[in-house]
Every structure is written in C-alpha cells, then in structure tokens.
Amino acid sequence: MTELADIFYHHGPSYRAQFGDKILPSHRQAMRAIEHCRTPVLGGHIYTCDACHETLYLYHSCRNRHCPKCQNDKAYRWLEKQHDLLLPVPYFLLTVTLPGELRTLARGNQRLVYGLLFRASAGAMQSLAHDERFVGGQVGMVGMLHTWGRNLAYHPHVHYLVPGGGVTTDGTWRPSRKNFFLPVKALSMIVRARFRDALRTCFALVPPAVWQKDWVVHCQPVGSGQHALKYLAPYIFRVAIGNKRILKLADGKVTFRYRTTDTGKLRNCTLPAQEFIRRFLQHVLPRGFVKVRYYGFFSSGLRQRLATLRRQLDAGFADTSPVRGADDQDDQNTDPSAKSFVPCPVCGQAMRRGPLMPPNEHKPP
C-alpha cells in the first residue's frame, strides 16, 4: 500500500531542490518527520519470541501532528476530556469560511490570518448573541480550524460548536430558539467588518471586492452536545489526507480518492507528485499554532461558571461514553515500539521486549 511517507521519500528531494529556500521551515519539518516515521532513523526496540525465536523490529513514531500515522487516537483522548464542557441542551454548528480572494494572502501569512479569522468570527458571534432578539447572553464556543477541501484544495474555515443558549448578566441560562441560533446574514457582515478593520492595520493591498461580497457563514442544529462531539472529534485531529485514501504512486503521479461534496460519491483524483506535495503542505500549520480554541463560558478562566451552569441545568447525561469512529482513521497513534503486548507474527505468542535501538540512518538489520 502506498503511503504519504513513500511520496515524500521518492519525490520530496526533487521538491526541496526545486523550491529551495521558499519552503517554510514548518513544511520541511513535516516532510522530514513523515518520511522518517516508524523507520530506523528514529530508533525503536527489538522484540523476540521465546517460542519460535522470531525477531521483530518496531520503530518509534514521529508524533508530528500532520503525520497520518500519529494523530487518530488523539481524537479519542480529546473526546474523553470534553465531558465537563457538555450541557444538556441542543447544540448548533456554525461555520465561517475565508473568501477565496484572501486565500493567497492567508497561505503566505497563516499565523496572522488564521488568528484574525478566529478573533473576528468569535467576537462577532459573542456580540450578536448578546442581542436580546436572539440569545441575550454570553455563549460558549469551541472553535476548530479546518483548511482543506476533500480534494486537498485550500479552503480555510472555522467550525464552532455552540450550545443553544447563553448566560445572562444575572447568571441564569437563557435558551435560544429550538432551530434558530443567530442570523447568518447579519453574522456574515459583522465578521467581515471585524476582519477588515483588523487586517487594515497590517495590509493595505487587499482586493476591495472582498469587502463588498457576502462572506459564507452557515448555522445548523446538530442535536445533543455528546452527539456533536462524537461527530467532530475525528475531524479535529485528522490530517489533510490519510494513507487509506492514497491509491497508488506511479509514473511520477499520485492517485487518491475523495468524496464529492455535492453528490457524496467517491471519485479518484490524479496529480503530479510535485503538485500533490504542494497541496498537502499548504495545510501544514505554523509551529505551535493552536487549532482548537475555547471562548465564552467554555474558556479556561470561566470553568467555575460553567460548572455552576451545569448544576443549574441538571447535567445528567444518558450517553456520556466516548465513541470512536471516523471513515479516515487508517493508522494508530500509539508508538509501536512502546506497546505492552506485541504478538509474534509467526506463532501469535507474546514477544519479549529487548534492547533499545538508537536512531540511525540505516535500514533494519
């Protein structure tokens, strides 16, 4: 099976030679980590079977957040930690998309533009939610940055998971309407204005038309908080493409499958390896950039208020057990060299963990 690491291993050197210093340090780091993940370069452990004397070499994982082998189990662990945020109320999913006219600017200034998109959209939601006609109080939001479309196209947008209601100034809960949270047209205008005002302090050369068009904002009910979190958790830690979707690497071209947005049907896409690498790397985030953020009464400084709110709402959940599940979870995050039980590939007996193999640039012995 072709993996992302194979593509970087065979075509990464020519990509680096072609673009040289234009490649961002974070992109170089991601390429190097993915190429070396679970190879002798990172070291590992030797396992032996006392029953049949089979020897097995298990190498360390790179743990880079853009590696498809090192992310999937993080979604499960993140979901386990979200129970204290859940409220027994209906939830909404709001999505704010960066216009196409600003995507070139975003690619070259990711930390700045992504941060502005978070601040502008979260601030606009809080401002509009305080209006008595809609919520009339402070809302809580979990924001998640997502930068790719299903065919690896560059499509930055932020998802917000929001309980249907807010906390008034006297500390009581005020529910929103059942199937309506905020007016998306008004929200779109406020996000656009806030983003424009913040960006003007940094850049003057922005296409004027972007401030005249409607920004795409969606809002939809998504049921209970537990249901919504189970749906979103895998997407939070998913990388732009998993190894299962890569079908083949041949003649300098990569073929992968994706599901179309309009029909939901599976289609194949074939790209030159250099273009595939370029598309993948544009979704590599700046080092240390936080892609999941908490606002309102979900923010870390207001967790005491949230606990009080949960007690007011009698948070007795019928289903609070985390459930794994995603159609793209093709690799395990657990470092294979650190497993407590490793079955022998020949006889199935438990293998004995042996000495540590130090990192090196050579193939396994």
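Fair warning: this is a prediction, and the values are worked out from it, not measured in the lab. (Residues numbered from 1 in each chain as written. Predicted model: local features only at pLDDT ≥ 70, side-chain atom pairs only at ≥ 80, totals over all residues. Heavy atoms only, no water.)

## Points about the overall build of the protein
Logical step 1: Counting its regular elements, the protein contains nine helices and 13 strands.
Logical step 2: With the C-alpha coordinates of the protein rotated into their principal frame, the extents come out at 70 × 50 × 40 Å.
Logical step 3: Within the protein, contacts between residues separated by at least 24 positions form 73% of all contacts whose residues are at least 6 apart in sequence.
Logical step 4: A gap of 4 Å separates the mean positions of the 50 positive and 26 negative side-chain charges of the protein. (Helix = DSSP H or I, 4+ residues; strand = E, 2+ residues; numbered from the N terminus. Contact = heavy atoms within 4.5 Å. Lys, Arg positive; Asp, Glu negative; His and termini not counted. Charge placed at Lys NZ, Arg CZ, Asp CG, Glu CD.)

## Some points on the packing of aromatic side chains
To describe a pair of aromatic rings, one takes the distance between the centres and the angle between the planes.
Logical step 1: Within the structure shown, the criterion is met by 12 aromatic pairs.
Logical step 2: On the numbers, 6.2 Å between centres and 55° between planes, the contact of Tyr160 with Tyr295 is tilted. With Tyr160 in strand β5 (residues 154–163) and Tyr295 in strand β12 (residues 292–295), this residue pair connects regions lying 135 residues apart in the sequence.
Logical step 3: Look at Tyr160 and you get buried, because its relative accessible area is 0%. (Phe/Tyr/Trp six-rings, centres within 6.5 Å; stacked < 30°, edge-to-face > 60°. Buried < 20%, exposed > 50% of the residue type's maximum accessible area, 1.4 Å probe, protein only.)

## Digging into the layout of surface pockets
Logical step 1: Each pocket or cavity is described by its volume, and for the largest pocket that value is around 1,200 Å³.
Logical step 2: For the largest pocket, the lining is made up of 33 residues, of which His146, Arg150, Tyr231, Tyr235 and Thr261 are closest to its centre.
Logical step 3: At the level of secondary structure, the elements contributing two or more residues to the lining of the largest pocket comprise β3 (90–97), β4 (141–148), β5, β8 (217–224), α7 (225–237) and β10 (253–259).
Logical step 4: Top contributing element to the lining of the largest pocket by residue count: α7, with five residues.
Logical step 5: Of the residues assigned to the lining of the largest pocket, the class counts are 13 nonpolar, 13 polar and seven charged.
Logical step 6: Quantified by volume, the second largest pocket comes out at close to 320 Å³.
Logical step 7: Lining the second largest pocket we find 13 residues, and of these Tyr15, Lys22, His27, Arg107 and Arg278 sit closest to its centre.
Logical step 8: Contributing elements (two or more residues each) for the lining of the second largest pocket: α1 (4–19), α4 (103–108) and α8 (273–281). (1 Å grid on protein atoms, 1.4 Å probe; cavity = no way out; pocket = protein on both sides within 12 Å on 5 of 7 lines; lining within 4 Å. Points joined across faces, edges and corners; volume = space filled by probe spheres on them. Nonpolar A, V, L, I, M, F, W, Y, C, P; charged D, E, K, R; others polar.)

## Thoughts on the pattern of salt bridges
Logical step 1: Applying the stated criterion to the full structure yields nine salt bridges.
Logical step 2: The salt bridge partner of Glu3 is Lys69, with a shortest N-O separation of 2.8 Å. Residue Glu3 is located in the segment before α1, and its partner Lys69 is located in the loop between β2 (55–59) and α3 (72–80); the two are separated by 66 residues in the primary sequence. Both residues of the pair, Glu3 and Lys69, count as buried.
Logical step 3: When the shortest N-O distance is used, the salt bridge between Glu132 and Arg174 registers 2.2 Å. With Glu132 in the loop between α5 (110–129) and β4 and Arg174 in strand β7 (residues 173–175), this residue pair connects regions lying 42 residues apart in the sequence.
Logical step 4: The class for Arg174 is partly exposed, based on a relative accessible area of 30%. (Salt bridge = Lys/Arg side-chain N within 4 Å of Asp/Glu carboxyl O.)

## Remarks on the environment of Cys52
Logical step 1: Here Cys52 lies in the loop between β1 (44–48) and β2.
Logical step 2: A C-alpha to C-alpha distance of 7.0 Å links Cys52 and Cys347, two positions 295 residues apart in sequence.
Logical step 3: Filtering out sequence-adjacent residues up to four positions away, Cys52 remains in contact with Cys344, Val346 and Cys347.

## Quick look at the sheet that holds β2
Logical step 1: Reading across the sheet, the three strands line up as β2-β1-β13 and stay open at both edges, with antiparallel pairing between neighbours. This sheet does not close on itself; its edge strands, each paired only once, are β2 and β13 (352–357). Between one strand axis and the next, the sheet turns by 25° as a mean value, whatever way the strands run.
Logical step 2: Of the strand pairs in this sheet, β1 and β2 are connected by five bridges, and their pairing is antiparallel. By the bridge assignment, His45 is partnered in β2 with Leu58. (Pairing = 2+ DSSP bridges. Axes fitted to C-alpha atoms, helices over the stretch in contact; angles between N-to-C directions.)

## Focus: the confidence of the model for the protein
Logical step 1: Across the protein, the average pLDDT comes to 87, with 90% of residues at or above 70.
Logical step 2: Taken element by element, the predicted model of the protein shows its lowest mean pLDDT in α3 (72) and its highest in α8 (97). (pLDDT = per-residue confidence, 0-100.)

## A few points about empty space enclosed by the protein
Logical step 1: This structure, assessed with the given rule, holds four cavities of 30 Å³ or more.
Logical step 2: Size it by volume and the largest cavity reaches roughly 60 Å³.
Logical step 3: Lining the largest cavity are Met144, Leu145, His146, His159, Leu232, Tyr235, Ile236 and Lys291.
Logical step 4: The residue makeup of the lining of the largest cavity, split by class, is five nonpolar, two polar and one charged.

## Quick notes on the nonpolar core
Logical step 1: Ranked by size, the top nonpolar core spans 41 residues in total, and within it Leu94, Leu102, Tyr160, Leu182 and Phe195 carry the most contacts.
Logical step 2: Those elements that place two or more of their residues in this core are β3, α4, α5, β4, β5 and α6 (184–199).
Logical step 3: Broken down by element, the residue count for this core peaks at 11 residues, all from α5.
Logical step 4: Not counting residues within four places of it along the chain, the set of residues in contact with Leu102 comprises Phe195, Leu199, Val206, Val210, Trp211 and Trp215.
Logical step 5: Core analysis: the second largest hydrophobic core is formed by 30 residues, Cys37, Cys67, Leu152 and Val254 among them. (Core = buried A, V, L, I, M, F, W, Y, C linked by side-chain atoms within 4.5 Å.)

## Concerning unusual backbone geometry
Logical step 1: In this structure, Arg63 is a non-glycine residue whose phi angle is positive, near 65°.
Logical step 2: Turning to its location among the elements, Arg63 is positioned in the loop between β2 and α3.
Logical step 3: Phi at Leu152 is positive, roughly 75°, even though this residue is not glycine.
Logical step 4: For Leu152, the position within the fold is in the loop between β4 and β5.
Logical step 5: Accessibility expressed as a relative area gives 0% for Leu152, which makes it buried.

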